[in-house]
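Next come the chains, spelled out residue by residue.
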Amino acid sequence: MIQCVEIRKNTYYDSVALMLVTKEIKKMPLVRDVIVGMGTELNKELAENLNLSNDQIKALTPNDFFIAAGLETENENNSADIIKKVDELINSKKNDSKSEYNPTSLKSAVKYAENANMAVISLPGKYAADEVKKALNNGLHVMLFSDNVSVEEEIELKKLGRDKGLLVMGPDCGTAIINGVPLCFANVVRKGDIGIVGASGTGTQEVTVIIDKLGGGVSQVIGTGGRDLKSEVGGIMMLEGFKALIDDPETKVIVLISKPPAREVAEKILNMVKTTKKPVVVNFIGGDRAQIEGNGAYACISLEDAGHKAVALSKGTSVSDFDGFVQSEEEINSIVESEALKFDKAQKYLRALYTGGTLADEAMKLLGRSGYEIFSNIPLSPEFKLKDIHKSIKHTCIDLGDDDFTLGKPHPMIDPIGRIERLPKEAMDDEVAIILMDFVLGFGSNDDPAGEMLPYIIEAKKNMESRGKYLSVIGYICGTEGDPQNYRQQCEKLENAGVILMPSNAQAVRLCEKLLKRINS
Amino acid sequence: MEISIICENLMKAINQEKIIIGKVHSVFSNACNIEAGSYFITLLSSSKIISPMSAIISAKKTINFKELGIEQNMSFKFTSEGIYCLEKDIYISLGAPMPWCPNIINKCNDMYTGYLEGNLNKLEAGLMTYGKLQGMGQLMTFLDNDKREMKLYRLWLNNVEDNFYYIKNEFICFMESVIKVDMTQIAVKASKIIGFGIGLTPCVDDFISGLMTINVCMGKQYGVPITKIYGFNTELISLSTSRTTRVSCEMLKHSSLGRTNSAVMNLIQAVLSENTEKNDNMEKFLKDAVNYGETSGTDTILGIYVGLKMWANSNYRRAWLNDTVC
């Protein structure tokens, strides 16, 4: 390995700067390894272990500072760039000086950011409710990312918010876009006249992404948290958000998204549809179509369909169910035939590994309607609950973002380790034919969802091939061209590895359905 | 400019020696370290917390030592009237500063361990919320794997950096020697990990500093002779002081005798004496301590946390108490 070594004898830098140097140098192209620190015996041993040592480093004392970086290629410029970067970072004013103030309490944050009107709170659930109360009492709207907040606390906070005319988005609210500002997990979508209130994170993301793809835009995206439409909470924030969009002059079309609410809550919400002339699209995923349409709203058959209907209403074009494919029937049949021919006779099952819970839920509902029995950790019926959530059987759809998989660990949309570990297990099963996966882009998500999974997808396919089988991998990227992860590059990476990408979750599921039908025919 | 708060030990040294002359070892915006023979003295701006052998300077505007033009190797003279930087013609009067005692053992009489279990849970939650776990936090994963009874699983990190794998085994061996209070092995085991990490006080050193400080507190609580505690702590660092930076070496020496900075001291007192269901001081002190350095504060608190977990475990405690039932 080629080295770049910089030694500064009897020189001391504060640890804030050194941590920054380590992080930033590691990110530089062609840098494989880096060690930054004082010349203590252990640090020198570590440098030796990483093949980054030389005689100069061995001669250092603990009071000498050094950086040793391992480079992919030999180039004077690389070394010079690294040293230049180190000096820039060390000399930058980004330290604990007075000019950078990090408030340590809500009180001081409110004083410091006088014009703030929203607090985003992400604390362990045990501590969250108190902070939300403080925020509301300071006149701030709240987005509460935390889960493990009790129902009683949620009700109390939402009532307090409602009485003060403030939003309480959450608990367990992961997605919102307020006045064009994406909060927590959200995609970069066009500004427009479609307002959304959503009780489900990735469901809301899917609808906003479809709206953007169809040329529409969003005015506001208000999250409510997953429990809002249960009978105890009574849909407090769904109703408040709905009211806010009714009153918002920039919103011309309203979309409501949730899993099926409690009956009395659905009634309250649908009764409000009659109070507005604005068209309302309601996707109670798998909910009662007749009830929705009976109250004057537009019912949907999928999240994608909600997006289609919203854009049609926004543009004033005709509204109809979208339940097909963007590609022609010929193209779809060609994909199906081409994949089906490659399978071994024993291969017949689908394994869907989702990071987005609502997308998993939608997949199971769509497949369920066609008569497929899907086992899951979040099954539609108790008899399909997996006995061991770490072991798939028959057709299985896993929500890797569910609490059982994320206790003490980051959400799979941030860190895909759960899916990375699961995929090889599925590829060891000789009866598996199809793997279905989502890749969620946008703020808050992993920097490179496709890239992280890529080597494991390739490995899984090779593994199957070595046993005379074929693994069909179907994917959906929930993202827009504006997202920070570079949507096109994400698509390219996956397609080059043989992943069949579909333009929506619903279409990806429908393709799986067609393929399963073909396999079993 | 004048000294507003001064460590008692520094004041004592100045009064004893009459004049102490030293040279600047290292300068930062808010701190200046001075080597004066066997003394290692730190001058701090008013934005920093007081620590052993240090003094806080107050002035109309918060001091910035770099802006004052202080550089390495400049001379400083300490007398009972004041502190002089000879090259820069800077004078800081000593006046009547508030004395501060760095010894945690002096605060131990007021401690009550009845709330310890609940407070440990709060401390853990606070570490997960406010802690910068990218230093020693990474080794907690390995420690939990090896010592399940300590129940450190909530501090698990999914991605441990490769560098930390390098000392994983040595760290576990060291912890075993700590648990067994192994006087014959502790120095060697510690010498294999002290000095590991970036920064003037490498992360392992900060962790060990927290561990040793808690040994002093909890030893006193459980009636372990203080000579035994000091003996173990000083043996722990005996082979390592030349293997780490001067700043860290001083910190380790102080910690071995239960001397620590005010943020850590306040936190330990809160954990060991407060009913934190009624007061939220512990969270405030935790945040103050975490904000010390980059990961230094968190690493020290992790040492305290792990130390407390060990002392709270009756099986581990036996090693200190020579099998006396407590």
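Thresholds applied
- Counting starts from 1 at the beginning of each chain's written sequence and moves along it residue by residue.
- As a convention, the first chain written is A and the first ligand written is 1, with the rest following in written order.
- Local features in a predicted model are, by the rule used here, given only for residues with pLDDT of at least 70; side-chain atom pairs are given and counted only at 80 or more, and totals for whole chains, interfaces and linings are based on all residues.
- Side-chain numbers come from the whole structure's heavy atoms, not from hydrogens or water.
- We count a stretch as a helix when DSSP gives it H or I for four or more residues in a row; a strand needs E for two or more, and each element gets its number in order from the N terminus.
- Each residue is placed in one exposure class: buried if its accessible area under a 1.4 Å probe, protein chains only, is under 20% of its type's maximum, exposed if it is over 50%, and partly exposed if it falls in between.
- Strand pairing is defined by DSSP finding a minimum of two bridges between the two strands.
- Assignment of crossover handedness uses the view with strands pointing away from the viewer, where a clockwise path from the first strand over the helix to the second indicates a right-handed crossover.
- Should any heavy atoms of two residues lie within 4.5 Å, those residues are counted as being in contact.
- Angles run from 0 to 180 degrees between N-to-C directions of axes, and those axes are lines fitted to C-alpha atoms, restricted for helices to the stretch in contact.
- When we speak of the arc, we mean the arc of directions from the helix axis to the C-beta atoms.
- Accessible-area loss on putting two parts together, using a 1.4 Å probe and summing over both, is the definition of buried area adopted here.
- One side-chain nitrogen of Lys or Arg within 4 Å of one carboxyl oxygen of Asp or Glu is enough to make a salt bridge.
- Pairs of N or O atoms within 3.5 Å make up the polar contacts considered here, provided that, within protein, one atom can donate a hydrogen while the other can accept it, and that residues adjacent in sequence are counted only when both atoms are side-chain atoms.
- Residues are grouped as follows: Ala, Val, Leu, Ile, Met, Phe, Trp, Tyr, Cys and Pro are nonpolar; Asp, Glu, Lys and Arg are charged; all remaining types, including Gly, are polar.
- In predicted models, pLDDT denotes the confidence assigned by the predictor to each residue on a 0 to 100 scale.
- Only Phe, Tyr and Trp rings take part, Trp by its six-membered ring, and two of them pair if their centres are within 6.5 Å. Stacked means planes under 30 degrees apart, edge-to-face means over 60, and tilted covers everything else.
- A ring is scored as having a charge over it whenever the NZ atom of a lysine or the CZ atom of an arginine sits within 6 Å of its centre and within 35 degrees of its normal.
- With a 1 Å grid spanning the protein atoms alone, the term cavity applies to any set of points in which a 1.4 Å probe fits but cannot get out, the term pocket to an open set with protein on both sides within 12 Å along at least five of seven lines, and the term lining residue to any residue with an atom within 4 Å of a point.
- Grid points are joined across faces, edges and corners, and a volume is the space filled by probe spheres set on the points.
- Helices are assigned an expected span. That span is 1.5 Å times one less than the residue count.
- To sort the angles, those under 35 degrees are grouped as roughly parallel, those over 145 as roughly antiparallel, those from 65 to 115 as roughly perpendicular, and the leftovers as oblique.

Q: Explain the overall build of chain A to me, please; I cannot follow it from the model alone.
A: Secondary structure summary: chain A contains 19 helices and 19 strands in total. Within chain A, buried positions represent 55% of all 521 residues.

Q: When you look at the pairing of strand β18 (residues 472-478) of chain A in this model, what are you seeing that I'm missing?
A: If a strand is regular, its side chains alternate between the two faces of the sheet. All names here are of chain A. Burial runs high along β18: 7 of the 7 residues are buried. Every second residue of β18 is oriented toward a common face, with S472, I474, Y476 and C478 on one face and V473, G475 and I477 on the other, all of them buried. Two strands pair when backbone bridges link them, and strand β17 (residues 432-440) and β18 are joined in this way by 7 bridges, in the parallel orientation. Considered in β18, the bridge of L436 is made with I474. With helix α17 (residues 449-466) bridging β17 and the parallel β18, this β-α-β connection has right-handed handedness. Where β18 meets strand β19 (residues 500-502), 3 bridges bridge the pair, whose relative direction is parallel.

Q: I would appreciate a short explanation of the sheet that holds strand β6 (residues 168-169) of chain A in the present structure.
A: All names here are of chain A. Read from one edge to the other, the open sheet built from 3 strands follows the order β4-β5-β6, with strand pairing classed as parallel. Edge positions in the open sheet fall to β4 (118-121) and β6, since each of these has one partner strand only. Note: β4 against strand β5 (residues 141-144), 4 bridges, orientation parallel. From the neighbouring strand, V120 faces β5, where its bridge partner is M143. In the packing of helix α6 (residues 125-137) onto the sheet, the strands contacted are β4, β5 and β6, and the crossing angle to β5 comes to about 160 degrees.

Q: What am I meant to see in helix α18 (residues 487-496) of chain A here?
A: Along an α-helix, residues three or four apart share an orientation, since each turn contains 3.6 residues. All names here are of chain A. Along α18, the residues that are buried comprise Y487, Q490, C491 and L494. With its buried residues spanning 100 degrees around the axis, α18 presents them on a single face. Seen from the buried face of α18, the exposed residues on the opposite side, beyond 90 degrees, are R488 and N496. Along its buried surface, α18 packs onto α8 (201-213), β17, α17, β18 and β19. Looking at the residues trailing α18, positive phi occurs at G498, about 90 degrees.

Q: Help me out: how do you make sense of the environment of L214(A) in this one?
A: Residue and element names in this part refer to chain A. Here L214 lies in the loop between α8 and β10 (218-223). For the pair L214 and A310, spaced 96 residues apart in the sequence, the C-alpha separation amounts to 10.0 Å. When neighbours within four sequence positions are excluded, L214 is seen to be in contact with G307, H308, V311 and K315.

Q: Can you walk me through the pairing of strand β8 (residues 181-184) of chain A in this structure?
A: Pairing analysis gives 4 bridges linking strand β7 (residues 175-178) of chain A to β8(A), with the strands arranged antiparallel. Paired with A176(A) across the strands is L183(A), a residue of β8(A).

Q: What is the right way to look at unusual backbone geometry in this model?
A: Trans is the prevailing form of peptide bonds, just as negative phi is the prevailing case for residues other than glycine. Residue and element names in this part refer to chain A. That bond from G170 to P171 is cis: its omega, 5 degrees, falls within 30 degrees of zero. Structurally, the position occupied by P171 is in the loop between β6 and β7. The phi angle at N51 is positive, at roughly 55 degrees, despite the residue not being glycine. Here N51 shows up in the loop between α2 (41-49) and α3 (55-58).

Q: Please explain the interface of chain A and chain B as it appears in this structure.
A: In many reports, interface size means the accessible area that the parts give up when they come together. Each partner contributes residues to the interface: chain A has 36 residues there, and chain B has 40 residues. Per-residue buried area on chain A facing chain B is highest for Y12(A), M19(A) and L42(A); these three make up 20% of the total on that side. Where chain A meets chain B, there are 1 salt bridge. Ionic pairing is found between E45(A) and R243(B), a salt bridge with its closest N-O pair at 3.5 Å. Taken together, chain A and chain B are joined by 9 residue pairs in polar contact (both at pLDDT 80 or more). Among the elements that line the side of chain A that touches chain B, the one with the most residues is helix α1 (residues 15-27) of chain A, at 7 residues. For the side of chain A that touches chain B, the class distribution of residues is 17 nonpolar, 10 polar and 9 charged.

Q: What is the right way to read the side chain of K365(A) from this model?
A: All names here are of chain A. Relative to the helices and strands, K365 is located in helix α14 (residues 357-369). You can call K365 buried: its relative accessible area is 18%. A polar side-chain atom of K365 sits 2.8 Å from a polar atom in the side chain of D361. For K365, the contacting residues outside a window of four places in its chain are P260, I285, G286 and L380.

Q: How should I be thinking about the confidence of the model for chain A in this particular structure?
A: Caution applies to low-pLDDT regions: their predicted coordinates should not be interpreted in detail. Across chain A, the average pLDDT comes to 90, with 96% of residues at 70 or higher. Ignoring residues within four places in sequence, the model shows residues 93-100 of chain A, a span with pLDDT below 50, making 8 contacts including any to other chains.

Q: Sorry if this is basic, but what is going on with the packing of aromatic side chains here?
A: Each aromatic ring pair is summarised here by two numbers: the centre-to-centre distance and the angle between the ring planes. Within this structure, the stated rule accounts for 11 aromatic pairs over all chains. On the numbers, 5.7 Å between centres and 50 degrees between planes, the contact of F343(A) with Y470(A) is tilted. One end of the pair, F343(A), is in the loop between α13 (329-340) and β14 (349-354); the other, Y470(A), is in the loop between α17 and β18, and 127 residues separate them in sequence. Side by side, F343(A) and Y470(A) carry an identical accessibility label, which is buried. Each member of the aromatic cluster is reached from another via a ring pair, and the members are Y222(B), F232(B), W311(B) and W320(B). Taking NZ or CZ as reference, K77(B) lies 5.7 Å from the ring centre of Y84(B), over its face.

Q: Got a minute to help me understand empty space enclosed by the protein in this structure?
A: Any empty space left between atoms is shown by rolling a water-sized probe over those atoms. Residues and elements named next belong to chain A. The tally for this structure, following the rule as stated, stands at 5 cavities of 30 Å³ or more. There is about 70 Å³ of room inside the largest cavity. Looking at the lining of the largest cavity, the elements with two or more residues in it are β17 and α17. It is β17 that contributes the most residues to the lining of the largest cavity, 3 residues altogether. Grouping the amino acids of the lining of the largest cavity by side-chain chemistry returns 7 nonpolar, 2 polar and 2 charged.

Q: Could you clarify how one ought to interpret the sheet that holds strand β15 (residues 375-376) of chain A in this entry?
A: Within a sheet, neighbouring strands are paired by backbone hydrogen bonds and run either parallel or antiparallel to one another. Residue and element names in this part refer to chain A. Taken in spatial order, the 6 strands line up as β15-β16-β14-β17-β18-β19 in an open sheet, and their pairing is parallel. Each edge of the open sheet is held by one strand with a lone partner, namely β15 and β19. Direction of pairing for β14 relative to β17: parallel, over a ladder of 5 bridges. Within β17, the position partnered with L350 by the bridge is I434. Across the sheet, helix α16 (residues 417-427) is in contact with β14, β16 (396-399) and β17; its angle to β17 comes to roughly 165 degrees.

Q: What is the right way to read helix α10 (residues 262-273) of chain B from this model?
A: Residue and element names in this part refer to chain B. The terminal C-alpha atoms of α10 lie 16 Å apart, and with 12 residues this matches the ideal 16 Å at 1.5 Å per residue to within 8%. Counting buried positions over the 12 residues of α10 gives 9, a clear majority of the element. Inspection of α10 places S262, A263, V264, M265, L267, I268, A270, V271 and L272 among the buried residues, and these make up the whole buried set. For α10, the secondary structure elements touched by its buried residues are β9 (98-100), α2 (116-130), α7 (203-221), α11 (281-290) and α12 (296-312). The backbone nitrogen of A263 has a side-chain oxygen 3.1 Å away, supplied by the residue at the start of α10, namely N261.

Q: It is not clear to me how the packing of α6(A) against helix α7 (residues 151-164) of chain A should be interpreted in this structure. Could you clarify?
A: Any two packed helices are characterised by how steeply their axes cross, that is the angle between the axes, and by the distance between the axes. Residue and element names in this part refer to chain A. For the pair α6 and α7, interaxial distance at closest approach is 10 Å and the crossing angle is 5 degrees. Taken together, the axis directions place α6 and α7 in an arrangement best described as roughly parallel. Where α6 approaches α7, its residues A129, V132, K133, L136 and N137 are matched on the opposing element by E153, E156, L157, L160, G161 and K164. A breakdown of the residues in the contact of α6 with α7 according to their chemical character gives 5 nonpolar, 2 polar and 4 charged.

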